[in-house]
Amino acid sequence: MYNFTNILKNKTTIFVCVIFLAVITNIGYAQEKDDSQGIDAATVSLPTKDNNDLRIPRMTANGKFRVSITPGIDPVPINRIHSWALRVETASGESVQDADIVINGGMPAHNHGMPTVPIVSKGIGDGYYVIKGMKFQMPGHWTVTMKITDHAVSDIVLYDLTL
C-alpha cells in the first residue's frame, strides 16, 4: 500500500500530476468544443479575393439591403481600434435612414469573437452610418456579420476577411 502523504510531499510528483491533469482536461475540452460547434474544414468559409474587398457593395443574405463599407484605415489594421463608414440602401437603391445595425465578428477557426463590441451610430445622412470600435487582434481569417433592421424588415450580411 502506498503512503500518499509521502508522495504528496514530493514536489516533483505533484507538479507532474498537475501537468498531466491539465493536459488531459484540455484535450477533452478541445475535442468536446470542436464537436459541439461543428467546426471543421467543410464548415469554415474561407475568404476569397473578392470577399476580402470591403468596398465591393454586396446584397444581404435575403436580398433586402445593399451594403458597402469603407474602412477608416486602409489596409484594415491589426490590434488597433478604428472606425468604418457603412452605407445601407434598399434593394432598389434608396438610402436607408435610421436602421438598427448590430455588428458581430470573430475568427471561426479559433472560435473567438472580436475583442471589442463595435457601436453603430444612427444614420448620418444618405444611408451612411459610422461603426466605431472595430478591432482585429491578430492576423488570420475573420468574419464580420451585420444584422440590419429597418422598420419590419431585417436581414444580415457576412464579410469574410483575411488580415
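Residues numbered from 1 in each chain as written. Predicted model: local features only at pLDDT ≥ 70, side-chain atom pairs only at ≥ 80, totals over all residues. Heavy atoms only, no water.

A. Just the overall build of the protein chain, in detail. In terms of regular secondary structure, the protein chain is built from three helices and nine strands. Counting helices and strands in the order they occur from the N terminus, the protein chain gives α-α-α-β-β-β-β-β-β-β-β-β. Counting all 163 residues of the protein chain, 29% fall into the buried class. Sequence separation of at least 24 residues holds for 57% of the intrachain contacts in the protein chain that already meet a minimum separation of 6. Total accessible area on the protein chain stands at roughly 10,300 Å², and carbon and sulfur atoms take up 58% of it. (Helix = DSSP H or I, 4+ residues; strand = E, 2+ residues; numbered from the N terminus. Buried < 20%, exposed > 50% of the residue type's maximum accessible area, 1.4 Å probe, protein only. Contact = heavy atoms within 4.5 Å. Areas by Shrake-Rupley, 256 points an atom, 1.4 Å probe, with all protein chains shown as cover.)

B. Molecular detail of the sheet that holds strand β5 (residues 112–113). Spatial ordering of the open sheet is given by β5-β4-β8-β9, a layout of four strands whose pairing is antiparallel. Both outer strands of the open sheet, β5 and β9 (153–162), are each paired with one neighbouring strand and no more. Two strands pair when backbone bridges link them, and strand β8 (residues 141–150) and β9 are joined in this way by 10 bridges, in the antiparallel orientation. Bridge pairing links Lys 147 to Ile 156 in β9. (Pairing = 2+ DSSP bridges.)

C. Layout of the sheet that holds strand β6 (residues 119–120). Taken in spatial order, the five strands of this open sheet run β1-β2-β3-β7-β6, and their pairing is antiparallel. The open sheet has two edge strands with one neighbour each: β1 (58–59) and β6. Bridge count for strand β3 (residues 82–90) against strand β7 (residues 128–134) is five bridges, and the pairing is antiparallel. Within β7, the position partnered with Trp 84 by the bridge is Ile 131.

D. Representation of the packing of aromatic side chains. Using the criterion set out here, one finds two aromatic pairs in the structure. Taking 5.1 Å as the distance between ring centres and 75° as the angle between the ring planes, the aromatic pair formed by Phe 136 and Trp 142 counts as edge-to-face. Each member of the pair Phe 136 and Trp 142 is classed as buried. Here the aromatic cluster, defined as three or more aromatic residues joined through ring pairs, consists of Trp 84, Phe 136 and Trp 142. (Phe/Tyr/Trp six-rings, centres within 6.5 Å; stacked < 30°, edge-to-face > 60°.)

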